[in-house]
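Coordinates in review
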Amino acid sequence: MKTVLRRVVVPLVAVLVGLLPGVVAVEQASALTKMTHSQATAIFRAAGITWSSSGNCSNRNVATCTSFDQINDSTVYGVRTLKTASGCAVNITGGTETGHASGTYSHWNGYKVDISVYTCVSNYIRNTFTRIADRGDGAQQWKSGAGNIYANEGSHWDITYYNCGGC
């Protein structure tokens with residue numbers, strides 16, 4: 001029960017009183033804790049992370065939306081870690097909405113996000129992480145020290161967060 005209170009109630013109260021950045025910085029993430037779209041966007045907003053969708057919506061069941069419903073907290077905190085560590089702008093273009101490839105470590109199951117390809121974040125990924133074998137579809141991949149995978153799909157980075165990357 002303490003974990004639920006610490007992960008859900010404390011950040012929500014912190015949002016109301018304007019203390020979210022300090023509270024979230026001490027959070028620990030678990031790949032099995034799911035968040036709502038509102039919880040995730042509050043953390044992203046506090047960290048200066050933006051998001052966009054081609055459909056200008058957040059409905060998980062519409063492929064042109066960008067939704068964070070049922071996203072793993074480790075994914076949310078992992079994106080925040082990327083933003084903080086890189087110092088780069090981060091814009092999320094894909095979340096847990098339908099329309100992505102299926103599988104255990106999928107967008108739908110909360111493990112993945114897509115982010116915009118910006119020079120700053122691309123340079124950070126390429127210069128900080130280890131280049132590994134190309135994915136089956138030919139996408140070039142990098143692996144962080146924490147084990148998360150960054151795949152360059154050309155128009156965006158497809159990131160799989162197995163953990164929060166030291167959040």
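Just above, that's the structure.
Reading the values: rules and limits
- Residues numbered from 1 in each chain as written.
- Predicted model: local features only at pLDDT ≥ 70, side-chain atom pairs only at ≥ 80, totals over all residues.
- Heavy atoms only, no water.
- Helix = DSSP H or I, 4+ residues; strand = E, 2+ residues; numbered from the N terminus.
- Expected span 1.5 Å × (residues − 1).
- Buried < 20%, exposed > 50% of the residue type's maximum accessible area, 1.4 Å probe, protein only.
- Phe/Tyr/Trp six-rings, centres within 6.5 Å; stacked < 30°, edge-to-face > 60°.
- Lys NZ or Arg CZ within 6 Å of the ring centre and 35° of its normal.

So, helix α4 (residues 73–86)
- Relative to the 20 Å expected for 14 residues at 1.5 Å per residue, α4 spans 20 Å between its end C-alpha atoms, a close match to the ideal helical length.
- Along α4, 12 of the 14 residues are buried, which leaves the element largely enclosed by surrounding structure.
- Every buried residue belonging to α4 is among D73, S74, T75, V76, Y77, G78, V79, R80, T81, L82, K83 and S86, and all of these are buried.
- Positive backbone phi, at 70°, marks G87, one or two positions downstream of α4.

Overview of the packing of aromatic side chains
- As enumerated under the stated definition, the model contains nine aromatic pairs in all.
- On the numbers, 5.0 Å between centres and 70° between planes, the contact of F44 with F68 is edge-to-face. Here F44 is found in helix α3 (residues 37–47), whereas its partner F68 is found in the loop between β2 (50–51) and β3 (71–72), with 24 residues between them in sequence. An identical accessibility class is assigned to F44 and F68; each is buried.
- Relative to Y161, the ring of Y150 has its centre 6.1 Å away and its plane inclined at 80°; by these criteria the two rings are edge-to-face. With Y150 in strand β8 (residues 149–152) and Y161 in the segment after β9 (156–160), the pair connects residues that are 11 residues apart, well separated along the chain.
- Judged by relative accessible area, Y150 falls into the buried class, the value being 3%.
- Among the aromatic residues, those joined into a cluster by ring pairs are Y124, F129, Y150 and Y161.
- One cation-aromatic arrangement involves R60 over W108; the distance from NZ or CZ to the ring centre is 3.5 Å.
- The ring of W142 is capped by R131, whose NZ or CZ atom sits 5.1 Å from the centre of that ring.

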